Amino acid sequence: MPNGEQRNLRHIYFSGHGNREPFTWPTGGGGKVTIPERNRAQHAARLEQALVEAIAAADEQFAARNTEIAGGAPGFYLEFDIGWEQSAILDRLEDKRGQYHIELVAVRAADADPENKLSATVFVPEAKRELYLKKVEDYRTKETRTGKPQNQPLVASMEEVRLAHARSLFTDVPESFPVAGQQTWWEVWLRTDARPVLEHAVNGLGMVLRDHFVRFPEREVMLALATPEQIGSVVANTDAIAELRIARDTPAVFMEMDAHKQRDWNDEIAERVQAPEGDAPSVCILDSGSTRPHPLIEPALDAADQQSWNGLWLVDDTSLTWRGHGTKMSGLALYGDLVEPLTGDDPVVLSHILESVKVLPDQGANDPDLYGYITAEAMSRAEIQAPERPRVFCLATTSEGDHWKGRPSSWSAALDELAYGDGELQRFAAVSAGNIGALYPAGEYLDQNDASPIESPAQAWNVLTVSAVTEKCVITDPTFTGWSALAPAGDLSPLSRTSITWQHEWPIKPDIVFEGGNYGVNPANDDSDHLDDLALLTTNNHLQNGYFSVISDTSAATALASRMAAQILADRQELWPETVRGLVVHSADWTQAMRGHLPINPTQNDKRLLLRRYGYGVPNLERATRSLSNDVTLVIENSMQPFYLDGSKIKTQDMIFHDLPWPAEKLEALGEEHVQLRVTLSYFIEPNPGERGWTKRHKYASHGLRFAVKRPEEDVATFRGRINAAARDEEEGDYTGGQEDGWVLGPRLRNRGSLHSDIWDGTATDLANRHSIAVYPTGGWWREKRSLERYDREVRYALLLTLRAQTTIDLYTEIENAIAVEVEIGSG
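Presented here is a report on the structure given in the accompanying data block. These numbers come from a predicted model, not from an experiment.

Here's the deal with the overall build of the protein chain
And then number 1: Along the protein chain, the regular secondary structure elements total 23 helices and 36 strands.
And then number 2: Taking 28 Å as the expected radius of gyration for a compact globule of 828 residues, we find that the protein chain reaches 29 Å, a close match to that expectation.
And then number 3: When each of the 828 residues of the protein chain is scored for burial, the buried share is 59%.
And then number 4: Summed over all atoms, the accessible surface of the protein chain reaches about 33500 Å², with 48% contributed by carbon and sulfur.

Looking at the packing of helix α10 (residues 371-385) against helix α11 (residues 410-420)
And then number 1: For the pair α10 and α11, interaxial distance at closest approach is 8 Å and the crossing angle is 30°. As summarised for this structure, α10 and α11 are arranged roughly parallel, according to the angle between their axes. You can see that α10 and α11 cross each other, and the crossing is right-handed. Of the residues in α11, those touching α10 at Tyr-371, Gly-372, Thr-375, Ala-376 and Met-379 are Trp-411, Ala-414, Leu-415 and Leu-418.
And then number 2: For the contact of α10 with α11, a count of residues per class yields seven nonpolar, two polar and no charged.

Overview of the pattern of salt bridges
And then number 1: Applying the stated criterion to the full structure yields 46 salt bridges.
And then number 2: Between Arg-108 and Asp-111 there is a salt bridge, and its shortest N-O distance comes to 2.8 Å.
And then number 3: Taking the relative accessible area as the measure of exposure, Arg-108 reaches 10% and is therefore buried.
And then number 4: According to the relative accessible area criterion, Asp-111 is partly exposed, its value standing at 46%.
And then number 5: Taking the shortest distance from any N to any O, the salt bridge between Lys-134 and Asp-138 comes out at 2.8 Å. One end of the pair, Lys-134, and the other, Asp-138, are both in helix α2 (residues 131-141), four residues apart, so they sit about a helical turn from each other.
And then number 6: Through salt bridges with shared partners, one network takes in Glu-79, Asp-81, Arg-108, Asp-111 and Arg-162.

Examining the sheet that holds strand β6 (residues 117-125)
And then number 1: Across the sheet, which stays open at both edges, the four strands sit in the order β5-β6-β4-β7 with antiparallel pairing between neighbours. Where the open sheet ends on each side, the last strands, each with one partner, are β5 (103-109) and β7 (158-163). Going from strand to strand, the sheet's axes swing by 25° on average, the running direction of each strand aside.
And then number 2: Across six bridges, the pairing between β5 and β6 is antiparallel.

Considerations on the layout of surface pockets
To find the voids left in a structure, one rolls a probe of water-molecule size over its atoms.
And then number 1: Its volume calculated, the second largest pocket comes out at about 980 Å³.
And then number 2: If you go around the second largest pocket, you meet 34 residues; those closest to its centre are Arg-323, His-325, Asn-435, Asp-553 and Ser-555.
And then number 3: Those elements giving two or more residues to the lining of the second largest pocket turn out to be α8 (325-335), β26 (548-551) and α13 (553-571).
And then number 4: With three residues, α13 is the largest single contributor of residues to the lining of the second largest pocket.
And then number 5: Residues belonging to the lining of the second largest pocket are distributed by class as follows: 13 nonpolar, 14 polar and seven charged.

Some remarks on the sheet that holds strand β23 (residues 520-521)
Strand pairing in a sheet relies on backbone hydrogen bonds, with the paired strands running either antiparallel or parallel.
And then number 1: Here we have three strands laid out as an open sheet, ordered β20-β23-β24, and antiparallel in their pairing. Two strands in the sheet have a free side with no partner beyond their single neighbour: β20 (484-485) and β24 (528-529).
And then number 2: Note: β20 against β23, two bridges, orientation antiparallel. When the sheet's bridge partners are listed, Ser-484 is paired in β23 with Val-521.

What about the pairing of strand β17 (residues 391-395)?
And then number 1: Burial of β17 is extensive: five of the five residues sit out of reach of the surface.
And then number 2: One ladder, built from five bridges, connects strand β13 (residues 282-287) with β17; its direction is parallel. Residue pairing in the sheet places Leu-286 in a bridge with Leu-395 of β17.
And then number 3: Examined bridge by bridge, β17 and strand β18 (residues 429-432) share three bridges and lie parallel to one another. Note on β18: the bridge partner recorded for Cys-394 is Ala-430.

A few points about the state of the cysteines
And then number 1: If you walk through the whole model with that rule in mind, you get zero disulfides.
And then number 2: No disulfide involves Cys-284; its sulfur sits 9.0 Å from that of Cys-394, the nearest cysteine.
And then number 3: Here Cys-284 falls in the buried class, since its relative accessible area comes to 0%.
And then number 4: Given the relative accessible area of 1%, Cys-394 is considered buried.

Rules behind the numbers
- Residues numbered from 1 in each chain as written.
- Predicted model: local features only at pLDDT ≥ 70, side-chain atom pairs only at ≥ 80, totals over all residues.
- Heavy atoms only, no water.
- Helix = DSSP H or I, 4+ residues; strand = E, 2+ residues; numbered from the N terminus.
- Rg over C-alpha atoms; globule rule 2.2 N^0.38 Å.
- Buried < 20%, exposed > 50% of the residue type's maximum accessible area, 1.4 Å probe, protein only.
- Areas by Shrake-Rupley, 256 points an atom, 1.4 Å probe, with all protein chains shown as cover.
- Axes fitted to C-alpha atoms, helices over the stretch in contact; angles between N-to-C directions.
- Parallel < 35°, antiparallel > 145°, perpendicular 65-115°, else oblique.
- Left-handed = near helix turned anticlockwise from the far one by under 90°.
- Contact = heavy atoms within 4.5 Å.
- Nonpolar A, V, L, I, M, F, W, Y, C, P; charged D, E, K, R; others polar.
- Salt bridge = Lys/Arg side-chain N within 4 Å of Asp/Glu carboxyl O.
- Pairing = 2+ DSSP bridges.
- 1 Å grid on protein atoms, 1.4 Å probe; cavity = no way out; pocket = protein on both sides within 12 Å on 5 of 7 lines; lining within 4 Å.
- Points joined across faces, edges and corners; volume = space filled by probe spheres on them.
- Disulfide = S-S within 2.5 Å.

Printed below as a string of structure tokens:
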């Protein structure tokens with residue numbers, strides 16, 4: 001799907017937009033291919049001419065083949081330009097009939113028009129050189145039984161065709177393609193059984209090829225040091241390459257350096273660091289302390305912001321017990337994986353500062369009963385030091401036990417109370433989901449994760465619970481030749497925990513996943529082990545031993561999540577903690593590897609497993625902070641009073657209706673084109689823990705909020721009646737939450753915890769008539785426990801809405817204009 005026009009647009013923010021109405025109980029119970037309109041004869045003639053020229057160029061290329069490097073089946077690569085809307089026909093470019101196959105090897109955004117066109121490259125064996133000419137001829141001269149041109153979906157979708165070159169196979173960021181003559185480490189993705197062909201070509205060209213490789217079902221990935229011209233020669237003389245990317249440097253390169261050489265690299269990047277502004281938000285790390293003398297930490301950590309919860313402790317990260325964990329977290333929270341800035345030459349601009357409050361003793365361990373108290377004291381110290389500073393709390397310490405299938409612990413309840421802040425001082429906290437305690441054989445991957453429940457306090461409702469994913473699968477250290485990565489790229493990091501074993505009523509955890517590294521698999525015994533190549537590079541606490549270290553697992557992921565939250569705050573400091581949490585989740589999506597675990601027609605249980613393993617997927621900072629012209633996000637911050645006292649009874653008070661400012665005429669003009677509406681509702685509850693069961697009078701949460709979108713056929717009264725019925729049924733405990741049409745998850749899956757996110761997928765015409773969304777309360781202990789006198793409290797919520805269209809159309813301007821004047825809230 002195209003990304004739309006990149007205009008560096010801010011999300012559209014508005015608050016208090018909605019109509020407050022009394023809440024009353026009722027008295028009674030994937031898409032088709034769009035075939036472009038073409039002048040049949042003219043289109044066929046143009047394609048035939050382009051194909052003839054491409055084949056002639058291929059003949060010249062074949063005649064000039066260098067026998068010292070040539071290998072594989074004779075043939076050539078062709079590159080087709082196809083509109084994004086016709087991407088469903090890409091598989092039709094292949095032809096697997098007979099002995100010789102035409103294979104689709106690479107797809108990328110077209111260079112000339114990346115927002116509207118794809119470039120697809122296929123390898124054509126010599127035996128099938130005329131196949132596309134035949135398809136075009138049949139399109140021009142023959143018809144199907146229904147009277148349509150033969151091969152119409154494929155041929156009518158073709159825009160251009162030409163002989164492919166090395167750049168055609170380059171699927172990395174286009175700007176990163178090396179300049180002529182520049183030697184670069186490439187990831188060379190090979191076609192099936194093509195490694196001997198590449199090795200032969202490399203020898204003839206004098207390239208450097210690493211011995212080890214990563215094997216996937218249809219591809220092998222090797223690292224080669226070569227110029228673009230050398231890579232081009234491989235493409236012109238062999239059938240070996242399916243795809244090309246730039247090989248990213250790994251932490252192993254830096255970890256192999258001695259302390260003196262590490263310092264040289266550290267000093268170079270330190271010169272490029274631009275310290276954050278004085279009023280910047282912070283990431284407050286609650287860990288083993290930090291190492292302020294480190295040149296990469298000192299610009300962001302003021303001495304006054306380095307504290308300990310226990311005034312008798314040292315504030316530095318010196319304990320051998322924790323092995324510099326707090327310093328490692330500090331580096332990631334500031335810079336992310338250090339490999340990227342170290343290997344670049346751009347200025348390193350820090351958007352936020354660092355705070356460190358030491359919560360782990362240098363020796364021994366804290367009393368588990370004090371975890372909640374220690375966390376509260378640590379947060380308080382940071383807030384007393386800088387009371388007006390926006391901050392993100394980062395906690396990667398977890399405890400075994402006391403998390404029975406999602407049940408709150410005293411620690412998690414304390415975190416919920418701290419985040420709620422008595423409704424006055426709300427806090428954002430990113431919390432690690434915890435790690436599996438020991439490595440395991442590769443064959444037990446995912447089974448181990450699914451059987452290992454998330455640890456306390458990560459079951460807290462109001463925090464952002466973070467688990468780990470990995471994209472790291474390249475092993476460059478020659479010591480580990482033959483080793484492979486345990487987790488596939490885009491899948492769960494090997495030691496991450498899940499909530500699959502939890503009872504259904506508890507929140508969806510983790511909320512999201514960030515990079516947490518991978519582990520290597522020893523081919524000799526299938527055992528897994530740590531490899532620096534597959535970890536994240538960060539700062540070291542003992543500078544005499546080196547300036548860099550590595551970190552992995554959910555600690556690394558939590559530091560990265562905190563960094564993203566601080567970057568969101570730096571972009572707009574007035575955002576509520578509920579909103580920041582919502583934006584992180586709202587920007588997340590599941591990777592192809594995650595989606596690959598779903599069957600073609602997933603059941604609700606299949607989706608439940610996806611959610612409780614990966615949360616809502618991998619967040620994206622750009623999507624969290626910026627809109628595109630055809631991908632527009634609205635951010636609403638509002639408040640409501642869920643309940644009120646009517647005589648001796650507590651009743652439900654408010655529901656809020658928000659009019660959705662969709663450009664109805666533009667949507668209707670798109671007709672049957674598929675569009676998406678993503679909705680995320682984020683709020684904080686006040687906890688009421690205790691082992692009293694999950695009954696109506698003993699609910700853990702003070703209240704719940706839900707959202708519902710008006711259906712096209714509903715008038716306002718019918719819409720309100722449906723909402724009332726849904727809330728009543730859930731309150732009485734017999735709500736089955738059947739799947740609603742068009743929603744990916746539906747209410748039964750999404751209505752858990754205090755954050756709810758879902759995606760509606762349908763036609764533009766249908767969405768044009770869904771122009772209202774309601775936020776309404778469900779019961780909790782505020783309603784059931786009159787004696788505690790919480791019935792008249794107001795609550796805040798953040799409602800995030802993203803409208804996404806497939807075609808490049810300017811939705812942003814019309815939506816922005818529609819809400820230029822804020823609407824006052826009316827009381828009900």
